[in-house]
Amino acid sequence: MPSETNISRAIRIDANLAGERIDKAAALLLPEFSRTQLVEWVRDGSLTLDGRVVPAKQRVFGGEALVLNAAAPTAPRWDVPQLVPFRCVYEDDALLVVDKPAGVVVHPGAGNPDRTLVNGLLQVLPAQAVLPRAGIVHRLDKDTSGLLVVAKSAAALRQLTRALARHDVTRRYRAIVEGVMTGGRTIDAPIGRDPGNRLRQRVTAIGRPALTRVQLVERYRAHCLITAELETGRTHQIRVHLSSIGHPLVGDSRYGARGRLPLRPSIELLEAIRGFDRQALHAAELEFAHPISGEPLSFASPLPDDLVRLIDTLSRDRADAEESVR
């Protein structure tokens, strides 16, 4: 790994930036760095305002000293094998299907230079290093658990990528959302980057087409268990679409989750909702034709323990409430 070097910058904030958040002001004054990286430096105290460590949402007045003293970002390493947790569901000469736990990033990038699924794949399959993206065909967010297909040959990668583009790969997710839905629906709304926050996407008329099919599985007092099937595969698609109809995923504060609770919740439910520290989303089912033989393949992943516990708690809360009115 290359040795780290230090980065030092000192800039006076222009008066015309008064009222802007520090992360936005920094992005304008230090354009050589991504806003994601600048936010990280604000949070860890490497980027200060008049010598003070402040939150990324801090507004500036103009005239303050913006000072950066940080280690240079480590370049993403796609070629480093590392022990990373994941489960292999299926493998043959052309592909493998893996079950990714929540908390694991799929591939290296800004803020996540290594310890990703790609690095874990190289640990067990060094030959993946010769393939573009180490054979990764599609992605899951860091805090989304579940199934991914990985190609093991260039021919398989081409065929699987084409199948994904033709919408011939079925991807079904299980999710727990805030609010009580009356039934399933199809959400057909284009998605694009939120111009006010580079970390978010949003429904916008100038976005790329996006379609999600939602089915209701179970209602609780203030939440629902649903299945969401992707027709397209935009960044954060399920999270954005469900938030846009007023049903953000439990734990997904980036897209509007507020820890919603029913009337007079139990202590157990209160702690379960407030303590759920990721979006409640799991890639549960994957179906596609084998890229070489054409054989139909179908895979399923059981819900992880944290989602099982949350569903159990929601069910008990509902049962207790029904019992109390009898």
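Before reading further, recall that the structure is shown in the block above.
Below, the structure is looked at part by part. (Residues numbered from 1 in each chain as written. Predicted model: local features only at pLDDT ≥ 70, side-chain atom pairs only at ≥ 80, totals over all residues. Heavy atoms only, no water.)

1. Quick notes on the environment of Tyr-255
You can see Tyr-255 is positioned in the loop between α5 (237–244) and α6 (267–274). Residue classification places Tyr-255 among the buried residues on the basis of a relative accessible area of 2%. Taking the C-alpha atoms as reference, Tyr-255 lies 9.0 Å from Arg-202; in sequence the two are 53 residues apart. Among residues more than four places away in sequence, those in contact with Tyr-255 are Leu-199, Arg-200, Gln-201, His-236, Arg-239, Val-240, Ser-243 and Pro-248. Only 2.7 Å separates the side chain of Tyr-255 from the backbone nitrogen of Gln-201, close enough to count as a polar contact. At a separation of 2.6 Å, a polar atom in the side chain of Tyr-255 contacts the side chain of His-236. (Helix = DSSP H or I, 4+ residues; strand = E, 2+ residues; numbered from the N terminus. Buried < 20%, exposed > 50% of the residue type's maximum accessible area, 1.4 Å probe, protein only. Contact = heavy atoms within 4.5 Å. Polar contact = N/O pair within 3.5 Å; in protein donor to acceptor, adjacent residues only side chain to side chain.)

2. With respect to helix α1 (residues 22–29)
Listing the buried residues of α1 in full gives Ile-22, Asp-23, Ala-25, Ala-26 and Leu-29. Projected down its long axis, α1 carries its buried residues within an arc of 160 degrees, all on one side. (Arc of directions from axis to C-beta.)

3. Examining the pairing of strand β3 (residues 65–71)
Two strands pair when backbone bridges link them, and strand β1 (residues 6–12) and β3 are joined in this way by seven bridges, in the antiparallel orientation. Within the sheet, the bridge partner assigned to Ala-10 lies in β3 and is Val-67. (Pairing = 2+ DSSP bridges.)

4. Considering the sheet that holds β1
Overall, antiparallel pairing links the three strands, which are arranged β1-β3-β2 in an open sheet. Every interior strand has two partners, whereas the edge strands, β1 and β2 (47–49), have only one. Strand-to-strand, the axes of this sheet are offset by a mean angle of 10 degrees, without reference to chain direction. This element, α1, spans β1, β2 and β3 of the sheet and lies at about 80 degrees to β3. (Axes fitted to C-alpha atoms, helices over the stretch in contact; angles between N-to-C directions.)

5. Examining empty space enclosed by the protein
For the structure shown, the criterion picks out one cavity of 30 Å³ or more. Looking at the largest cavity, its volume works out to about 40 Å³. As for the largest cavity, its lining consists of His-138, Leu-140, Leu-147, Arg-171, Arg-172, Tyr-173, Ala-283, Ala-284, Glu-285 and Leu-286. Counting residues per element, the lining of the largest cavity draws most heavily on strand β13 (residues 281–289), which supplies four residues. (1 Å grid on protein atoms, 1.4 Å probe; cavity = no way out; pocket = protein on both sides within 12 Å on 5 of 7 lines; lining within 4 Å. Points joined across faces, edges and corners; volume = space filled by probe spheres on them.)

6. Concerning the packing of aromatic side chains
Under the definition given, this model contains three aromatic pairs. A centroid spacing of 5.3 Å and a plane angle of 50 degrees characterise the contact between Tyr-90 and Phe-299, whose relative ring orientation is tilted. Taken together, the residues span a long stretch of sequence, with Tyr-90 in strand β4 (residues 87–91) and Phe-299 in strand β14 (residues 296–300) at a distance of 209 residues. Classification of Tyr-90 as partly exposed rests on a relative accessible area of 25%. (Phe/Tyr/Trp six-rings, centres within 6.5 Å; stacked < 30°, edge-to-face > 60°.)

7. A look at the pairing of strand β6 (residues 145–151)
Of all seven residues making up β6, seven are buried, and the element is well covered by its neighbours. Where strand β5 (residues 95–100) meets β6, six bridges bridge the pair, whose relative direction is antiparallel. By the bridge assignment, Val-98 is partnered in β6 with Leu-148. Summarising the sheet, β6 and β13 pair through two bridges and their orientation is parallel. Within β13, the position partnered with Gly-146 by the bridge is Ala-283.

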